[in-house]
There are 4 protein chains.
Amino acid sequence: MAGSTFGSYFRVTTWGESHGTSIGCIVDGCPAGLELGEADIQPMLDRRKPGQSQFTTQRPESDTVHILSGVFEGKTTGTPIAMEIANTSQRSADYSQIAKVYRPGHADYTFQQKYGFRDYRGGGRSSGRETAARVAAGAIAAKLLAQFGICVFAYSERIAGVSVDPEHFSREERDKNKLYMPDAGAAEEAAAAVEAARADTDSVGGIIGCFIDGLPAGLGEPVFDKFDAKLAQAILSIGAVKGFEIGEGFDAADLRGSIDNDGFENVDGVIRKTSDHSGGTLGGMSDGGQVYFRAAVKPTPSIAKQQRTVTTEGENVTISIHGRHDPVIVPRAVVVVESMAAITTSDLLLANASAKLSSLDKIYQR
Amino acid sequence: MAGSTFGSYFRVTTWGESHGTSIGCIVDGCPAGLELGEADIQPMLDRRKPGQSQFTTQRPESDTVHILSGVFEGKTTGTPIAMEIANTSQRSADYSQIAKVYRPGHADYTFQQKYGFRDYRGGGRSSGRETAARVAAGAIAAKLLAQFGICVFAYSERIAGVSVDPEHFSREERDKNKLYMPDAGAAEEAAAAVEAARADTDSVGGIIGCFIDGLPAGLGEPVFDKFDAKLAQAILSIGAVKGFEIGEGFDAADLRGSIDNDGFENVDGVIRKTSDHSGGTLGGMSDGGQVYFRAAVKPTPSIAKQQRTVTTEGENVTISIHGRHDPVIVPRAVVVVESMAAITTSDLLLANASAKLSSLDKIYQR
Amino acid sequence: MAGSTFGSYFRVTTWGESHGTSIGCIVDGCPAGLELGEADIQPMLDRRKPGQSQFTTQRPESDTVHILSGVFEGKTTGTPIAMEIANTSQRSADYSQIAKVYRPGHADYTFQQKYGFRDYRGGGRSSGRETAARVAAGAIAAKLLAQFGICVFAYSERIAGVSVDPEHFSREERDKNKLYMPDAGAAEEAAAAVEAARADTDSVGGIIGCFIDGLPAGLGEPVFDKFDAKLAQAILSIGAVKGFEIGEGFDAADLRGSIDNDGFENVDGVIRKTSDHSGGTLGGMSDGGQVYFRAAVKPTPSIAKQQRTVTTEGENVTISIHGRHDPVIVPRAVVVVESMAAITTSDLLLANASAKLSSLDKIYQR
Amino acid sequence: MAGSTFGSYFRVTTWGESHGTSIGCIVDGCPAGLELGEADIQPMLDRRKPGQSQFTTQRPESDTVHILSGVFEGKTTGTPIAMEIANTSQRSADYSQIAKVYRPGHADYTFQQKYGFRDYRGGGRSSGRETAARVAAGAIAAKLLAQFGICVFAYSERIAGVSVDPEHFSREERDKNKLYMPDAGAAEEAAAAVEAARADTDSVGGIIGCFIDGLPAGLGEPVFDKFDAKLAQAILSIGAVKGFEIGEGFDAADLRGSIDNDGFENVDGVIRKTSDHSGGTLGGMSDGGQVYFRAAVKPTPSIAKQQRTVTTEGENVTISIHGRHDPVIVPRAVVVVESMAAITTSDLLLANASAKLSSLDKIYQR
C-alpha cells in the first residue's frame, strides 16, 4: 500500500481524484533558499492543461496552482511545499454510464479487484488528471536543477507512426505546435494522422523522447537506485507508458560491443566520450554526457468505437465511450515525462551530496 | 546514497565486490513458516554460475550459498535471512592492467567521479558478480510465490540478432541449451553468431523475455509503485539492461486504441480479457492475466578489440581487454531477470495484503 | 531532509505553517472500505482546538477539517486521503516583534541555523499548530483500530506538580474538565496551580499517560521498529515532549528482576500475564496486555516573564513574550499523543499482516 | 515486517541469531574515503564482549569482526560495508530446557504469537547478542563523526540504585571499572549491590547517560525525524530499555517555563545558550550545545529465582533460569547506547547535507 510517494530526498507525494474537489501534492525535502512562486509552476501546468487544441480533452480546467505552504517571502523554507489545483469541471454526470462497466484498457477492473470498490468518476485516482500534481512538483524540481545548470527537455518523438526527422529537430519548434513535436513538418503530418484516427472513432499512440543536459558525472546510486532504473520507474509510473529505453535501448540488443561501447578521450584537459550509445549513464550513474531516454505511450483507451466488455455484475456487453477524451495522450504526456525526469534527477542530486567524505568536508567545517 | 536495498516489504539488500572475500545479501520481511534450505536456492544460482560453457567467463566459481540466519528447523522465522557466497577465484593480478584506465562501457569512470575512488578489481561493486546475491534472494522469492501458485519464467528471446520462433517455443528446451533459449533451432543459430563475434574479438547482446503466471488481480500500488514501474526499476537495475517494455511495449506506440485495448468477457463465470496487449497489467496493477515483459541487454563491454580511452591521469591510450569475459551476457542474465521479477512480485504481494479492510478482517478477528 | 512523513504502511505526511493559508496532511495506505467522513474526524480536532478555556491560546480557530480525496460514497477507497484545515486567524502582525529575535525554548535559532532562513510567523512549521494535521490523521487511525476492537486513551496524568490519584481515576471524567485529567479533584487543584503560574507571567508542564487496549499479541517489528521504539519516536516528535517511558519506565531501573518480570498463567485456556510491569510489550512486540506509556511535557516556552536572548544580528537583549499563548501545553497535547499512538499502532497493525505465511494464506487462495 | 534496518542515509541492517553460525550487519551509505579497518571497530566490540567480569555472561565469545566488503586499500568505497562476527560458543544444549516454555520478561511469547514459530535457542533474534552487530556499525559511525569533531560518550549513570556523583564524574574512570561508571566510588558501591542481588538469585537494572559533543546546530529533520525522536527510537530499540529522556526529561514536567527555558547570549561573537535544560535540541534540531540524554534499563529478566509461567502447550509451571546470564545488563549496554547514538547522529548529519541551497552550492559548481 501507500504508493503515492516518489523519491527519498526530494520526495513527492500526490493526492486526488479526477472528480474530487481538488488534486495536489506535497514536495518534501526541497532545499531551503530556492526562489519560488506560483509563476514558476504555472507555465509547466499550462503545457499539460486540457482544452488547448482539438487533440486534447475539451474539459475546461484552468489548472491554477496554489502554494499552501513551504514558501515564505518568495523562498522555499526547507519545509513541505503543499500545492493544490482545483477541479472546476467535474461533471460527474458524464460518468454515470461507466459506473457499472469495466472500460477496456483502463484501471476499472483492477481497482475493483484490489480494493473491492472504486471511484468510478472519470477513473478516480487512475485518471490522467493525477499527473497535473506531478507537473506542479516537476516544475519545482526543474527550477532547482536550473540552479546547477541542469535542464530537462522532453518532446513528442513519434505520433501515429510519424517520427521527428533528426535533421529538422528544433527545440524552439516544440512549443509552437499542439503536438509538442520539435519538427514542424512531422507535426503537420502527425496531426493529419491523429485526425484520421479520430474520424474513425479511434485513437493513436507514440513515443516521447527526453534529454537531460548539464549533469555532473556520478548521479545515481548503485546498485538498485541507478539513475536509469529510477528513471524507468518514474516513467513507467505514468499511466499509458508501456516501455522505457535509454541510449541505444532495444537497438543495443543487436549491436556488437565494439560499436556500442563509447570510448573516452582527453581533449584539452576535458575527459569526454567519443560517442554516445550509452544514453549518458554508465553503471547506473550519469557519465557527464547528455542523458537521452525514450518512453512508449499506448493509444488512448477511451474510444467511441464499440468494444467488448463485462459489467460489474458479470454481464457481457459492448461499450462505446463518448465524452471529452484526447485522441492521443502523447502531447500532454510530454510535460509529465519532463516532470518525472526532473523529480528523479533532483532526488539523485540530493542523494549524491553525501557520497564522499570530501563533499561533507565542504559543508561541515572540520 | 544507500541504494543497495530493493523492496519495502520483501526487502533485499546486497553487498560485496567482485574480488572481496565474499558477496551476499539479506532478505528481510520474508514471512515466517516458509520451508527453506540451501537446496532451494542453489539450483537458481547454478543457472547463473560462470564456467558452464564457452559463452560464459571461465572464472571457476562454485557459487555455493550459505544461509547464515533467519531459518530454523527448516523454516523461515520471519527474521532477516542472511546469505553468503564465497569468492574463491579472485585472481586480482588479472586486473592490475585496468587499475589506471577507464574501460569503455564499464562503470570505472563514473565510480571514480562519484566516490573519488574505486575498487578497480574486476569492476568491484559494479561487477556482474553482484547479481549472484540477487539470485540467492530471488530463489527465496520464487519459493514464496510458488506457495500461491505464482511462477516466473524468463528466457533468452533474442541473441546476436537471432530470435526465438514463437511456433517452436518450448519451456522445457530453455534449460537444455547453454544460451537458455526456449527453441533449439534458434539456440543453435545464435550460438554460431556468438562464436563469430568472439572470433572477431567482439561481443553481442540480445533480449530477455519474462512471463509471470498465476497472479491474482490487483498487485501493484497506485500511483508510483505500479507493478510495471517497479518491474522496470528492478530490471533496469541489472547492469547491462538498456530497455524495458511490457505487453506490446514500444509496438503499442504505433497501434490504434481499438487494437491495443483488451476487451473483457465473462466465460462461465470467470472474467477474463479477450486478448493480451497490455502485458498483464492495467493501471499498474496485475489484471489477472499473464504478465509479459522484455528487457534489452547490451553487448558485453569487455572485448579484446582495440578501443580508445584515457588513463586515470588523463592520457589518451588504446585498450584491448583480455581475460575471462562472457562474449554475451544474455544467457547468464536470464536468471537474474527472473530473480528480480520474483523479488518485485513478492514485495507487491505482501504490500497488497492490507489493501482492503476485508483482507485484514481475515487476519485479525473482530 | 524530508522528515514530514511518519509510518511505512499507514503513512502520514503533514504540511503547513502556523500562518500560512492552511495546514493539512495526507494519509496514504489506509485500507479501502473503511466508513469515513468529516464527522469522524472533527470531534478529535475539537479536543485540540484553541480557545476552549483560559488554559489555552485564545486564537479563535474553528479547525474545521475538509477531506479532499480518498473517500467515495462514504468509504475510503485505498488511495491517499488528503485533508485540509484553514488558518483563519493568522494575525501575522502579532509576530513582527519576534522576527528578529530568537525566542528561548523555541526552534527559532535552530531553524535559522539549519535552513539559513525561517518563517518567523508564530513558529512557522515548528508551531504547535502543525499538530492539528496529526490529529486529523490520528482520527482516521483511531477509526481503523476501532474496527478491530483496539482503543487508544490518553490523558493528563500530572500538571504543575499535581498528579491524578489512581483511586479516583475515571475515563469519563477526562472530557469533563478543561485540563483533560481523569480525576476531578486533581483537575481542580492543578487548575489553581496553572492560574498561579500565569499570574506570575510564567508557565507549567506535566505528564501525559496513554493506554492502548484490545491489542492482539505480536504487533511491532524486531529489531529497530519495535512497538515501543516507534511509539517513542512518535511521541518525541511532538514539540514539547522531553521524555518517554513504557510500563515501569525509569522506575524499572531500580527494580529487581524478580519484581519487574511479569509471569504468565493459563486461566481457563487464556494465557495472560500475572502482572504488568512491562507496559504491554515484550521484545518490542505487543504481549496481548494493555500498553501503557507516559510522556513528559515541558512548560510552555512562550512566557511574559523577561528572558535573555540575542537578536538575529547578534545583539544581547531581553524579551517578554505577550500574545495568545497557552500557560500549559499538556491539555491540548493529550489528543496529539493519542493521535500519534493511534497512527503508530495502525502502521504496525498493517505491517504485521504479512508476518507469517498462514496469514497470507487467508488472503490469497492457494 | 522488515524492521531490521535503521537510518535512511547512513543505513544499518543487522542480521543473525544468538545461536546461528554468525551475526552481522551491513552499513550502506557511509561516505567514500573514510579510512577504515577492523582495528577501528574491534575496540568498541571489546567493550561489549561477554566474559569480561563477574557481572557479564561467561559465554566465551571473542567477538572478532571481519569486514567482508566496502573497504578497499584501507578506505571506504561508498558501497555497502558488510561485517560478520562468528558465534563460537553456541552450546545449544543449554537451551533445550526453555524450548517449550515462555520465559518471563523475554520475547519468547511474543515471537511465538507473531510468527507462529520461534528460534528458542538463547532468544534467537531477540537475544542481546544481536547488539554486537549494532556496535560494529556504531564504530564506523563514531569514526565518521570523529572526522567532524563529533564525539559520543555513554556511561552507566546509575546501577542497582547507586548513582554517579556529578562531583566525582570522570570520563577516564569509565573504562577503568567493569561497570563502566565514570566514578570509582559509585562503581564500587554498585558492584556490591549487584553482587548482593546475584547472591539472592536476582538481577538489577539502572540508567545509562549519554553525551554528544561537537555537534553543529541544525541536525534533525522536522517534524517526525527530529533528532530527539530518532534518538528515542534508536535507544528504545535496544532490548531492555524502558525509557528515554533528553535534557531535564521527566523533571521538566515539574519546572516552570522561566526555569526550563535556556536563554541565548552573544559572547565575543559566539551565540550560545545561557543554561542547558533542553539537552541540546530545540524544535528537534541540535542547538549547537551538548546533547545529553538518559536511558532506563530494566533488570536482567533471566534469573535463577523461581517464576511462574506457562509452557507452549499451556501448562502452568514454575521456572528457574540457570546458565550464563549477566546479573545486570547496564554495563554491556553502555556501548550499545553509544553505538545507536552514533548511528543516529551520522544518519542526520548526512540528511542535513542538502538542507539548504547554499550547501549544495559548495558541492556542485554553478
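Okay, so let's go over this structure. What you see is a predicted model, and the numbers here were worked out from it, not measured in a lab.

1. Quick look at the relation of the copies chain B and chain D
When chain B is brought onto chain D, the operation consists of a screw motion whose angular component is 180° and whose axial shift is 0.0 Å, with 0.0 Å RMSD remaining. In short, the pair behaves as if placed about a two-fold rotation axis.

2. Remarks on the relation of the copies chain B and chain A
Here two copies of a chain appear, and what relates them is a rotation about an axis with a shift along it. Screw-axis analysis of chain B against chain A gives a translation of 0.0 Å along the axis, an RMSD of 0.0 Å, and a rotation angle of 180°. Here 100% of the interface residues in chain B have copies in chain A that are interface residues too; the copies meet face to matching face.

3. Let's talk about the sheet that holds strand β8 (residues 151–159) of chain C
The sheet built from 10 strands is open, its strands ordered β9(C)-β8(C)-β10(C)-β16(C)-β11(C)-β11(D)-β16(D)-β10(D)-β8(D)-β9(D) with antiparallel pairing. Edge positions in the sheet fall to β9 (162–163) of chain C together with β9 (162–163) of chain D, since each has one partner strand and no second. In this structure, strand β10 (residues 206–213) of chain D lies alongside strand β16 (residues 291–297) of chain D, joined through seven bridges in antiparallel fashion. Counted as the bridge partner of D:Ile208 is D:Ala295 from β16(D).

4. Brief notes about the interface of chain B and chain A
Contacts between the two partners involve 106 residues from chain B and, on the opposite side, 106 residues from chain A. Between chain B and chain A, a total of about 8500 Å² is buried, with carbon and sulfur atoms accounting for 57% of that surface. Applying the counting rule to chain B against chain A returns eight salt bridges. Notably, a salt bridge pairs A:Arg308 with B:Glu265, separated by 2.7 Å at the nearest N-O pair. Our enumeration of links across chain B and chain A arrives at 51 residue pairs in polar contact (both at pLDDT 80 or more). Pairing of strand β11 (residues 241–246) of chain A with strand β11 (residues 241–246) of chain B, which is carried by three bridges, proceeds in the antiparallel orientation. The partner of A:Gly243 across the bridge, within β11(B), is B:Glu245.

5. Section: the pairing of strand β12 (residues 264–267) of chain C
Residues and elements named next belong to chain C. Summarising the sheet, β12 and strand β13 (residues 270–273) pair through four bridges and their orientation is antiparallel. Residue Asn266 lies in a different strand from β13, and its bridge partner there is Ile271. Hairpin remark: β12 followed by β13, antiparallel, with two residues in the connecting loop; positive phi at Asp268, about 55°.

Definitions and limits used
- Residues numbered from 1 in each chain as written.
- Chains lettered and ligands numbered in written order.
- Predicted model: local features only at pLDDT ≥ 70, side-chain atom pairs only at ≥ 80, totals over all residues.
- Heavy atoms only, no water.
- Least-squares fit on C-alpha atoms with pLDDT ≥ 70 in both.
- Contact = heavy atoms within 4.5 Å.
- Pairing = 2+ DSSP bridges.
- Helix = DSSP H or I, 4+ residues; strand = E, 2+ residues; numbered from the N terminus.
- Buried area = accessible area lost by both parts, 1.4 Å probe.
- Salt bridge = Lys/Arg side-chain N within 4 Å of Asp/Glu carboxyl O.
- Polar contact = N/O pair within 3.5 Å; in protein donor to acceptor, adjacent residues only side chain to side chain.

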